[in-house]
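Spelled out, the chains give:
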Amino acid sequence: MPTSTQEVSDTTKQAASWFDSHWQEWLASGVRIVFIIVLAMVLRAVVRKLITQLIARMIKPGEDADEPGRLGGLLANTGVVNPERRQQRSEAIGSVLRSVASFTILGTAALMVLSALGVNLAPLLASAGVAGVAIGFGARNLVTDFLSGVFMIMEDQYGVGDEIDTGVATGTVLEVGLRVTKLRGANGEIWYIRNGEVKRIANMSQGWSTASVDVQVGYKEDLARVEELIHETAEAMAKEAPFDELVWAPMSVLGVESVAADSVVLRVEARTAPGRSLSVARALRQRLKTAFDVAGIKVKEEVVPAGAAGAAAGAASAAVVLTTASASGDAAPPSALADPASPRYLATAPIPAPVRPADDAGAKSP
């Protein structure tokens, strides 16, 4: 601290001289920083607006109302995804692109501001590079999950409300994230599946489903009559609500699926709304059962076991012999055991007990 008037005067002059020699540099640095910040904000706004317009053009349909626009065809999956799903997917992709653009532009602007302030960026960038490599090795699964999630959203492999099978779990999609997909299982459980671990996906809610019903009838039934009855029942069901909206194509009888000794199985298929094949199949089975009962069509022939059939045949043969003998008036041949003088009759006589000698009987008597 200055202790005299002269020292105070000298310190003041030095400060003024130092400020006078550096204010221009400070002003230039300030103007440069403001310019960098303003340019970054303007560039960020322009890029976000361009991304928004690009997404809007993807959502906009083409000249034909049923066909997407030229850019929309990139995300359309025509015949599989409806416009609402395409709009949701486009908005999700737009959100990701806007976030990436903002991070890139603002990160670059921050580095330029530090450079304008005179900060040496070489050690910072070197440290960031080493840290990035280390984080990349440690978080490679996270990066894989993120990239897989981005491509899943872009390709619209599934969305919220879809019924999917990922191989490790099956259920209804509750939430689609860039890292994790949340499913609700059939028993109410919630599955959290990392996007990078999904190798295959079966989506049962896109496009259409197939309702397959195996109809069993008796072996002796007239198949032409059965097929006609199936067609009538299926057409009547397809005209009633709510099946008039669930059945998308006429039901067809594919033919005989299998043949057994007592039954024949016919296969019936119909194209239905996605995810509604089971309900349509159950309703068709119920209606076919009622129709078969009314028409008197058996679902299985009664087969008599081989042993019972042989016994019944023997009894029938004996009855026929007795009836024939009675009708002719001739008596049946007598049995060999009915003659007391026959050898067979004598062979059935009991063996007599041995007789004791008289001496032995007298010696033992008192």
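Residues numbered from 1 in each chain as written. Predicted model: local features only at pLDDT ≥ 70, side-chain atom pairs only at ≥ 80, totals over all residues. Heavy atoms only, no water.

> Looking at this structure, how should I read the overall build of the protein?
Across its full length, the protein holds ten helices and eight strands. Buried residues in the protein amount to 26% of all 366 residues. A fraction of 61% describes how many contacts in the protein between residues 6 or more apart in sequence connect residues 24 or more apart. As presented, the protein carries roughly 24,800 Å² of accessible surface, and 61% of it is formed by carbon and sulfur atoms. (Helix = DSSP H or I, 4+ residues; strand = E, 2+ residues; numbered from the N terminus. Buried < 20%, exposed > 50% of the residue type's maximum accessible area, 1.4 Å probe, protein only. Contact = heavy atoms within 4.5 Å. Areas by Shrake-Rupley, 256 points an atom, 1.4 Å probe, with all protein chains shown as cover.)

> Could you clarify how one ought to interpret the pattern of salt bridges in this entry?
Once the charged atoms of two side chains with opposite charge are near each other, the side chains can pair. Summed over the entire model, instances satisfying the criterion amount to eight salt bridges. Between R194 and D145 there is a salt bridge; the shortest N-O distance is 3.0 Å. With R194 in strand β4 (residues 190-194) and D145 in helix α4 (residues 140-155), this pair connects stretches of sequence that are 49 residues apart. Between K289 and D293 there is a salt bridge, with its nearest N and O atoms 2.8 Å apart. Residue K289 and its partner D293 are located together in helix α7 (residues 277-295), separated by four residues, close to a single helical turn. We classify K289 as exposed; its relative accessible area is 53%. On the basis of relative accessibility, which here comes to 47%, the residue D293 falls in the partly exposed class. (Salt bridge = Lys/Arg side-chain N within 4 Å of Asp/Glu carboxyl O.)

> Can you walk me through the packing of helix α5 (residues 223-238) against α7 in this structure?
Packed helices, taken two at a time, are described by the angle between their axes plus the distance between the axes. Viewed as axis vectors pointing N to C, α5 and α7 meet at an angle of 130 degrees, and their least axial separation amounts to 10 Å. Classed by the angle they form, the pair α5 and α7 counts as oblique. For the element pair α5 and α7, the recorded crossing hand is right-handed. Along its contact with α5, which presents R225, V226, L229, I230, T233, A234 and M237, the element α7 presents V280, A283, L284, R287, L288, A291, F292 and A295. (Axes fitted to C-alpha atoms, helices over the stretch in contact; angles between N-to-C directions. Parallel < 35°, antiparallel > 145°, perpendicular 65-115°, else oblique. Left-handed = near helix turned anticlockwise from the far one by under 90°.)

> How should I be thinking about the sheet that holds strand β8 (residues 263-272) in this particular structure?
Strand pairing in a sheet takes place through backbone hydrogen bonds and is either antiparallel or parallel in direction. Judged by pairing direction, the sheet is antiparallel, and its three strands sit side by side in the order β6-β8-β7 without closing on themselves. Each of the sheet's edge strands pairs with one partner strand only, and the pair in question is β6 (209-218) and β7 (252-259). Shown here is a sheet whose adjacent strand axes are inclined to one another by a mean of 25 degrees, direction ignored. When β6 meets β8, the two strands line up antiparallel, connected through ten bridges. Its bridge partner being in β8, V217 is matched across the sheet by V264. Where α7 meets the sheet, it contacts β6 and β8, and its direction lies at approximately 25 degrees from that of β6. (Pairing = 2+ DSSP bridges.)

> Whenever I open this one, the pairing of β4 confuses me. Can you help?
Successive residues of a regular strand alternate their side chains across the two faces of the sheet. Direction of pairing for strand β3 (residues 180-184) relative to β4: antiparallel, over a ladder of five bridges. In the strand pairing of β4, V180 is matched with R194. From the end of β3 to the start of β4, which pair antiparallel, there are five residues, and G188 there has a positive phi angle of about 95 degrees.

> How do you make sense of the environment of E301 when you look at a structure like this?
In this structure, E301 sits in the loop between α7 and α8 (306-328). Residue E301 is classed as buried on the basis of its relative accessible area, which comes to 17%. Note: C-alpha distance between E301 and D262 (39 residues apart in sequence) is 4.8 Å. Aside from chain neighbours lying at most four places away, what touches E301 is G218, Y219, K220, E221 and D262.

> How do you make sense of the nonpolar core when you look at a structure like this?
In globular proteins that are soluble, nonpolar side chains generally tend to be buried together. Among the nonpolar cores identified, the biggest contains 27 residues, and V215, I230, M251, V280, L284 and F292 are the most heavily contacted of them. Residue contributions to this core peak at seven residues, all from α7. In terms of nonpolar packing, the next biggest core, distinct from the first, is built from eight residues, I164, V173, L183 and I193 among them. (Core = buried A, V, L, I, M, F, W, Y, C linked by side-chain atoms within 4.5 Å.)

> Explain the confidence of the model for the protein here, please?
When pLDDT is low, close inspection of the predicted coordinates is not appropriate. Summary statistics for the protein give a mean pLDDT of 75 and a share of 70% for residues scoring 70 or more. Within the model, the stretch residues 63-81 combines pLDDT values under 50 with 37 contacts to residues more than four positions away or in other chains. (pLDDT = per-residue confidence, 0-100.)

> I would appreciate a short explanation of α5 in the present structure.
Since the α-helix advances by 3.6 residues per turn, residues separated by three or four positions end up pointing in the same direction. Between its terminal C-alpha atoms α5 stretches 22 Å, which fits the 22 Å expected from 16 residues at 1.5 Å a residue. Listed in full, the buried residues belonging to α5 are V226, L229, I230, T233, A234 and M237. Here the buried residues of α5 occupy an arc of 130 degrees about the axis, which is enough to place them on one side. On its buried face, α5 is in contact with β6, α6 (243-246), β7, β8 and α7. Its side-chain oxygen placed 3.3 Å from the backbone nitrogen of A224, D222 serves as the N-cap of α5. (Expected span 1.5 Å × (residues − 1). Arc of directions from axis to C-beta. Polar contact = N/O pair within 3.5 Å; in protein donor to acceptor, adjacent residues only side chain to side chain.)

> Is there a simple way to think about the sheet that holds strand β2 (residues 170-176) in this case?
Strand order in this open sheet of five strands is β4-β3-β2-β1-β5, and the pairing throughout is antiparallel. With one partner strand each, in any of the chains shown, β4 and β5 (202-203) form the two edges of the open sheet. Pairing between strand β1 (residues 163-165) and β2: three bridges, direction antiparallel. Bridged to D165 within β2 is T170.

> Can you walk me through the packing of aromatic side chains in this structure?
Given two aromatic rings, their pairing is described by the distance between the two centres and the angle made by the two planes. All told, the structure shown has zero aromatic pairs when counted by the stated rule. In this structure, R271 is placed above the aromatic ring of W208, and the distance from its NZ or CZ to the ring centre is 3.8 Å. (Phe/Tyr/Trp six-rings, centres within 6.5 Å; stacked < 30°, edge-to-face > 60°. Lys NZ or Arg CZ within 6 Å of the ring centre and 35° of its normal.)

> Sorry, what's going on with the environment of F35 here?
If you trace the backbone, F35 turns up in helix α1 (residues 5-59). Through-space distance from the C-alpha of F35 to that of V113 is 9.7 Å; in sequence the pair is 78 residues apart.

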